[in-house]
Amino acid sequence: MRRNNNVRAPESQKPLKIDIAENPEDLGAMINIEINEKKVSVPMGTTILQACRQNQVHIPTLCHHDDLCIAGVCRVCVVEVEGMKTLQAACSFPITSPIKIKTTSPRVRRARKNILDLLLSEHYGECYACVRNNNCELQALAKEYGVDHYNFGHIEKPKFRVDNSSYAVVRDMNKCILCKRCVRTCIDLQEVGVLEAINRGEATYIGTFFDKPLADVICINCGQCINRCPTGALHANDPRDEIWAAIDDPTKHVIIQTAPSPRAAIGEEFGLEPGHSLTGEMNTALRRIGFDAVFDTNFAADLTVMEEGTELLLRLHKLLVEGNTDVAIPQFTSCSPGWVKYLEHFYPDFINHLSSAKSPQQMFGAVLKTFYPKIKNIDPANIVTVAVMPCAAKKFECNRPEMTDSGFKDIDYGLTTRELAQMIKEAGIYLPELPKSEFDDPFGDASGAGLIFGATGGVMEAALRTVLELVTGEKIENIFENAEIKAVRGFEGIRYAEIPITKVGPVPDLISHLFKDFKWLEGVTLKVAVAHGTANAKKVLEDIKNGGKFSECQFIEFMACPGGCLGGGGQPIPTNAEIRRKRAEAIYKEERTLNYRKSHENPKLIRLYNEFLTDGPCGSISYKLLHTTYTKRGSFIV
Amino acid sequence: MESGKTKRSGTVIFSAYERGAAIKKALSLSRNDILFELKNSGLKGRGGAGFPTATKWMLTAAAVSDKKYLICNADEGEPGTFKDRVLLIEYPELVFDAMVVGGYTIGADEGIVYLRGEYEYLIDSLNDYLEEMRKDNLLGENILGKNGFNFDIKIFLGEGAYVCGEETALIESLEGQRGEARNRPPYPVNTGYLGKPTCVNNVETLATISHIIVKGSEWYKQFGSDKSKGTKLFSISGDCERPGVYELEWGTKISEVLELVGAKDAKAVQVGGASGICLNSSQFDRTLAYEDIPTGGSIIIFNKSRNMLKVLKNFMEFFVEESCGQCTPCRIGNVKLLEGIKMIEENKFTFKQINKLKELAETMKIASKCGLGQSSPNPFLSILENFKDEIFNHSGGGSYA
């Protein structure tokens, strides 16, 4: 049977659709309520939880998450509403009449404590043996309510086998409190729909299709469920032990590359407010831990821009000059492995639209086990490559069988931001206090274009900077103020921009073997789009299927995670729109300070093309090492 | 199983009725007149929650939408309740006629009967009956010549989950989702089946409406007590000589019921099914009425040979099994109450533990998401209270084997 592609949360999990009045002056737009006898005024349709938060009244929550639709199932947020016999869940109760709310009455306090005791009675495990120790919402709530013993007992034996089949996500349902955040993340936020509650009553658990291991269902490995799990029931598949072993092995040359997003978020793991970039400090920490070389994934991002941008020009040339209508346009970005797997499963007929360029992580891996050992005179068999990524899916990506073009496994381990923070702590280092240091050569320079890969719209902006400059011969700063292409920035789910090419310049040397001139692009309007979160990707893909405006785009950036990489499944917990916005600000702020803002200006990159990838972007060497193929997975596991 | 058409006697529901009469009468009235009659009758929902029916109809009628639904809740799943089955087998005209009247009143053109999974054997006869109605233009387009009034009824078979008797879980189930109660508000009268305004009425509520429409609210109000008007069907079972479905006026005493059905040595009466309360003999002069003991109509009688702790255990096992599992108090709370019963059974408990469980039961009543968890502690609390001598002093009768 065909899979129903129309997965969304059932009505029971959706918030009441009340349009909050735009103009607070409108009649009935504001409602006067009382919270703990304090009179306040809130817009119609505000939930009790929102109203309380706006008025500095704390309400405990577990199933509620700002990014997700409403569940109203954990019941720890119950409050008293005058005139109602039962307590009401603050998270799901929309205010439509002038009610009086009590948030700490004896009935409320007793109920919350009892509910917490019930949850603890079924929550297997001890806090000190848990990946979420000190960052667990259930643990925090137990502390808030002064739990010092188990009123209703405590489960002594695990009920479920831990599912660590997936390279990305480990599921330990013994710690699950059935808040269904993961279900809502998967079904509603990402519209993938791998997880659902199975059975009923006390037999309820969150499971997969036919209870298959997570590796054998159509999970895209985005890890968004991990970021929203309140407990340790979900975590990433952690390679720290193997990495420590490699570091401790003197015969191994252990290299680490760091993606743009972890540096903008890792401070959160050390108690800093979101929005502090710790690039230099992290480099120092990595060397102190014992990595033999510290490289910047942004360098590989520059490489990706060159390859992907050239590929786009080649595709357009095929269509516009050679008249080849079989060429797949729009070209889709391929940096996000969660997005790639989403497309392979849900829209397999579209995989020829994916850029054949590998993601920066994998391009770097291929270079690090070919070019790098040659110039360093190291046996590539002894090189261990680690990639610090904001991502759970990168763990899957580096294990894809096709990612061995160097003759070895191009990237040995994908490490999340959280796991790296853990390693730094294990090494006895307090990251924010460290002195700064630079990345290692021969890849020591990276452009700002590579850095902004971390934010949604960043890959598009980076590619546009290079493509437009190469094609028009005009400095990008003369087209966009400060080289910032604002139209593709921001957090709106889907963004669209049109950029007319009014003049063309001579073909630059680097790609002069591919194109005689760019006259054929004169007068063409470049139409581009950006989508983040697979739910938004789905909208764009459906539009393309139906021949809508996105089908006329030439290039579309897709990211599996809301906010792009900075909101990835490997980033510090918690996450919400505000935290993601601050991480983006940190990235864009750092970008303005860099020497190079465009990938093709990166001198170390030009050296790589001159000395190693000698037949240029999309040449035979780069096709062998830096490009890949995809699999039509459909509803099946291939 | 009931066989054929036995003639029952009763003042309202089991009184004489001619098929289609309510539809004919209703179509001659304005919607406001119908709503007035209903309001004047004081009819409350007969499923057990007792929400004023007229208010429900008015709210659905007032909701603005291009499409509305009227759903008959025939998911009769409360242990000890079987009155709706009798109505559907013997008096389908009362139920379906009122659905048509409801459609006319609230502006719905589609009626759905959500039939309990275990009642699958009724489907063919009900569909035959609906077909007859269509032939006589009691269903279909321009019903009985009323231009523009179209209404039809289809039957949907449930899968046997108790929680689907809760109206929002019923709607979820109809939509093909897990049977789990929704957050309320919004209420189904505004956002119901497929997001459209939906009125969900119990089988018996509908059957009563047909009579009220034909004979008028003043006639109906002459029956019953001061504050609870009319009559109620009671499904009476357990230790008695004449179990069955009885139509009684509101205000009837428990002792009168016991007399009627020949319950000689009753020790306990569970009113309202598993989720109801259990009375001991000192409470048999209490009355069945909204002002005293409101009920959906299940009465289970236990005589002196019954062990009340086992009775309670049976009820709690039912709730552990039937909790949908979405909210914490109901999912885990019922398990803890059952564990407490087992502790008493094995004589391994402290009163501190029992009191903690009673406090938990109170929390479940106010903090659970839907009526299931809000009412499942009722037997726990009432049996432990009303039969504490028997349960805690092993001399009270019955054994713990």
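What you are looking at is a predicted structure, and each value in this text was computed from that prediction instead of being measured.

J.: With reference to specific residues and values, describe the overall build of chain A.
T.: Helix and strand counts for chain A come out as 21 helices and 17 strands. The C-alpha radius of gyration computed for chain A amounts to 26 Å, which stays within 12% of the reference 26 Å derived for 638 residues, consistent with globular compactness. When its C-alpha atoms are laid out on the principal axes, chain A stretches across 80 × 65 × 55 Å. The 638 residues of chain A split such that 62% are buried. Partitioning the contacts of chain A with sequence separation of at least 6, the portion at a separation of at least 24 is 76%. Counting every atom, chain A has about 24,700 Å² of accessible surface; 50% of that belongs to carbon and sulfur.

J.: Now, about the packing of aromatic side chains: what can you tell me, with residues and values included?
T.: For the structure shown, the criterion picks out 39 aromatic pairs over all chains. With centroids separated by 5.0 Å and ring planes inclined at 80°, the aromatic side chains of Phe 295 of chain A and Phe 443 of chain A adopt a geometry described as edge-to-face. Separated by 148 residues along the polypeptide, Phe 295 of chain A in strand β11 (residues 293-296) and Phe 443 of chain A in the loop between α14 (417-426) and α15 (448-451) bring together distant segments of the chain. One exposure class covers both Phe 295 of chain A and Phe 443 of chain A, and it is buried. With a centroid separation of 6.4 Å and 20° between ring planes, the pair formed by Phe 149 of chain B and Phe 151 of chain B is classed as stacked. For the pair formed by Phe 149 of chain B and Phe 151 of chain B, the shared burial category is buried. Taken together, the ring pairs in this structure connect Phe 295, Phe 299, Phe 364, Phe 371, Tyr 372, Phe 443 and Phe 612 of chain A into an aromatic cluster. Looking at Lys 409 of chain A, its charged tip hangs above the ring of Tyr 413 of chain A, at a distance of 6.0 Å from the centre. The residue whose ring lies beneath Lys 549 of chain A is Tyr 496 of chain A, and the NZ or CZ to ring-centre distance is 4.3 Å.

J.: Any details on the domain arrangement of chain B? Residues and values, ideally.
T.: All names here are of chain B. Partitioning chain B into structural domains gives domain 1 (21-221), domain 2 (231-303) and domain 3 (308-395). Between the C-alpha centres of domain 1 and domain 3 there is a distance of 34 Å. Domain 1 puts 14 residues into the contact, and the matching count from domain 3 is nine residues. When the two sides are added together, the surface that domain 1 and domain 3 hide from each other amounts to roughly 890 Å², 62% of it contributed by carbon and sulfur. Of all residues in domain 1, Tyr 162, Val 163 and Ala 181 give up the largest surface area on contact with domain 3, accounting jointly for 50% of the area buried on that side. Counting across the interface, domain 1 meets domain 3 through zero salt bridges. Across the contact surface, domain 1 and domain 3 share three residue pairs in polar contact (both at pLDDT 80 or more). Here the residues of the side of domain 1 that touches domain 3 are counted per class, giving five nonpolar, four polar and five charged.

J.: An account of the side chain of Arg 182 of chain B is requested, with residue identities and associated values reported.
T.: Residue and element names in this part refer to chain B. Inspection of the secondary structure assignment puts Arg 182 in the loop between α7 (167-174) and β4 (198-202). A residue is classified by how much of its surface remains accessible, and Arg 182, at 6% relative accessible area, is buried. There is a polar contact of 2.9 Å between the side chain of Arg 182 and the side chain of Glu 175. At a separation of 3.1 Å, a polar atom in the side chain of Arg 182 contacts the main-chain carbonyl oxygen of Gly 192.

J.: Tell me about the interface of chain B and chain A, and please be specific about residues and values.
T.: Contact with chain B, which involves 40 residues of that partner, is made by 41 residues of chain A. Taken as a group, Arg 178, Asn 183 and Ile 366 of chain B account for 19% of the area that chain B buries against chain A, more than any other trio of residues on that side. Between the two partners, chain B and chain A, sit three salt bridges. A salt bridge links Arg 200 of chain A to Glu 322 of chain B; the shortest N-O distance between them is 3.0 Å. Taken together, the links from chain B to chain A amount to 19 residue pairs in polar contact (both at pLDDT 80 or more).

J.: Can you break down unusual backbone geometry residue by residue, with the values?
T.: Following Ile 329 of chain A, the chain continues to Pro 330 of chain A via a peptide bond in cis, the omega torsion being 5°. Positionally, Pro 330 of chain A belongs in the loop between α9 (297-320) and β12 (331-332). Geometrically, the link from Pro 185 of chain B to Pro 186 of chain B is a cis peptide bond, its omega value of 5° lying close to zero. With respect to the helices and strands, the residue Pro 186 of chain B is situated in the loop between α7 and β4. At Lys 180 of chain A, a position not held by glycine, the phi torsion is positive, near 65°. Along the polypeptide, Lys 180 of chain A turns up in the loop between β6 (169-171) and α4 (181-189).

J.: Could you give me a rundown of the sheet that holds β12 of chain A, with the residues and numbers involved?
T.: Residue and element names in this part refer to chain A. An order of β12-β17-β16-β15 is seen for the four strands of this open sheet, with the pairing classed as mixed. In the strand order of this sheet, the two ends are held by β12 and β15 (494-500), each with one partner. Sheet analysis places β15 next to strand β16 (residues 525-532), joined by seven bridges and oriented antiparallel. Within the sheet, the bridge partner assigned to Glu 498 lies in β16 and is Lys 527. Across the sheet, helix α16 (residues 458-472) lies against β15, β16 and β17 (555-559), angled at about 150° from β17, the strand it touches most. Contacting β12, β15, β16 and β17, helix α18 (residues 534-545) crosses the sheet at an angle of about 150° to β17.

J.: Which residues make up the nonpolar core, and what are the values?
T.: All names here are of chain B. Judged by nonpolar contacts, the single largest core of 76 residues is most densely connected at Ile 71, Phe 380 and Ile 383. Of all the elements, helix α11 (residues 308-322) adds the most residues to this core, at eight residues. Filtering out sequence-adjacent residues up to four positions away, Ile 71 remains in contact with Ile 112, Tyr 114, Leu 170, Ile 171, Leu 174, Tyr 193, Thr 198, Cys 199, Val 200 and Asn 201. In terms of nonpolar packing, the next biggest core, distinct from the first, is built from 60 residues, Cys 72, Val 95, Ile 106 and Leu 115 among them.

J.: I'd like a rundown of the environment of Asn 164 of chain A, residues and numbers included.
T.: Residues and elements named next belong to chain A. Looking at where Asn 164 falls in the secondary structure, it is placed in the loop between α3 (137-144) and β6. The spatial distance from the C-alpha of Asn 164 to the C-alpha of Leu 214 is 7.9 Å, given a sequence separation of 50 residues. Those residues in contact with Asn 164 that lie beyond four places of it in its chain are Val 170 and Asn 237.

J.: So what's going on with the pattern of salt bridges? Residues and values would help.
T.: Between side chains of opposite charge, a pair can form as their charged atoms come close. Residue and element names in this part refer to chain A. A full pass over the atoms with the stated rule returns 76 salt bridges over all chains. A salt bridge links Arg 240 to Glu 426, with the shortest nitrogen-to-oxygen separation between them at 2.4 Å. Of the two residues, Arg 240 is situated in helix α6 (residues 240-248) and Glu 426 in helix α14; the sequence distance between them amounts to 186 residues. Across the salt bridge formed by Arg 607 and Glu 611, the nearest N and O atoms sit 2.9 Å from each other. Taken together, the residues Arg 607 and Glu 611, both in helix α20 (residues 603-611) and four residues apart, mark about one turn of the helix. For Arg 607, a relative accessible area of 32% translates into the label partly exposed. Residue classification places Glu 611 among the partly exposed residues on the basis of a relative accessible area of 45%.

J.: Tell me about empty space enclosed by the protein, residues and numbers included.
T.: Residue and element names in this part refer to chain A. Scanning the model with the defined rule gives seven cavities of 30 Å³ or more in all. Around the largest cavity, the lining comprises 25 residues; the ones closest to its centre are Cys 335, Ser 336, Pro 390, Lys 394 and Cys 565. Among the secondary structure elements, those contributing two or more residues to the lining of the largest cavity are α7 (260-265), α9, α10 (337-346), α11 (360-368) and α13 (393-397). Of the residues belonging to the lining of the largest cavity, the class tally is 16 nonpolar, eight polar and one charged. The computed volume of the second largest cavity comes to approximately 120 Å³. If you go around the second largest cavity, you meet 13 residues; those closest to its centre are Cys 186, Cys 219, Cys 222, Gly 223 and Cys 225.

J.: Hey, could you go over helix α12 (residues 328-345) of chain B for me, with residue numbers and the actual values?
T.: All names here are of chain B. Here α12 spans 25 Å end to end across 18 residues, near enough to the 26 Å set by a 1.5 Å rise per residue. Counting buried positions along α12 gives 15 out of 18 residues, so the element sits mostly inside the fold. Positive phi shows up at Asn 347, right after α12, with a value of about 60°.

J.: Could you give me a rundown of the pairing of strand β11 (residues 298-303) of chain B, with the residues and numbers involved?
T.: Residue and element names in this part refer to chain B. Counted residue by residue, β11 has six buried out of six residues, so it is predominantly covered. Side chains Ser 298, Ile 300 and Phe 302 project from β11 onto one buried face, and the interleaved Ile 299, Ile 301 and Asn 303 project onto a second face that is buried too. Inspection of the sheet shows strand β5 (residues 231-238) paired to β11 by four bridges, in the parallel sense. Looking across to β11, one finds that Ser 235 is bridged to Ser 298. Relative to β11, strand β8 (residues 266-271) is paired through five bridges, and the arrangement is antiparallel. Counted as the bridge partner of Ala 268 is Phe 302 from β11.

Rules used in this analysis
- Residues numbered from 1 in each chain as written.
- Chains lettered and ligands numbered in written order.
- Predicted model: local features only at pLDDT ≥ 70, side-chain atom pairs only at ≥ 80, totals over all residues.
- Heavy atoms only, no water.
- Helix = DSSP H or I, 4+ residues; strand = E, 2+ residues; numbered from the N terminus.
- Rg over C-alpha atoms; globule rule 2.2 N^0.38 Å.
- Buried < 20%, exposed > 50% of the residue type's maximum accessible area, 1.4 Å probe, protein only.
- Contact = heavy atoms within 4.5 Å.
- Areas by Shrake-Rupley, 256 points an atom, 1.4 Å probe, with all protein chains shown as cover.
- Phe/Tyr/Trp six-rings, centres within 6.5 Å; stacked < 30°, edge-to-face > 60°.
- Lys NZ or Arg CZ within 6 Å of the ring centre and 35° of its normal.
- Domains from an automatic or database assignment.
- Buried area = accessible area lost by both parts, 1.4 Å probe.
- Salt bridge = Lys/Arg side-chain N within 4 Å of Asp/Glu carboxyl O.
- Polar contact = N/O pair within 3.5 Å; in protein donor to acceptor, adjacent residues only side chain to side chain.
- Nonpolar A, V, L, I, M, F, W, Y, C, P; charged D, E, K, R; others polar.
- Pairing = 2+ DSSP bridges.
- Axes fitted to C-alpha atoms, helices over the stretch in contact; angles between N-to-C directions.
- Core = buried A, V, L, I, M, F, W, Y, C linked by side-chain atoms within 4.5 Å.
- 1 Å grid on protein atoms, 1.4 Å probe; cavity = no way out; pocket = protein on both sides within 12 Å on 5 of 7 lines; lining within 4 Å.
- Points joined across faces, edges and corners; volume = space filled by probe spheres on them.
- Expected span 1.5 Å × (residues − 1).

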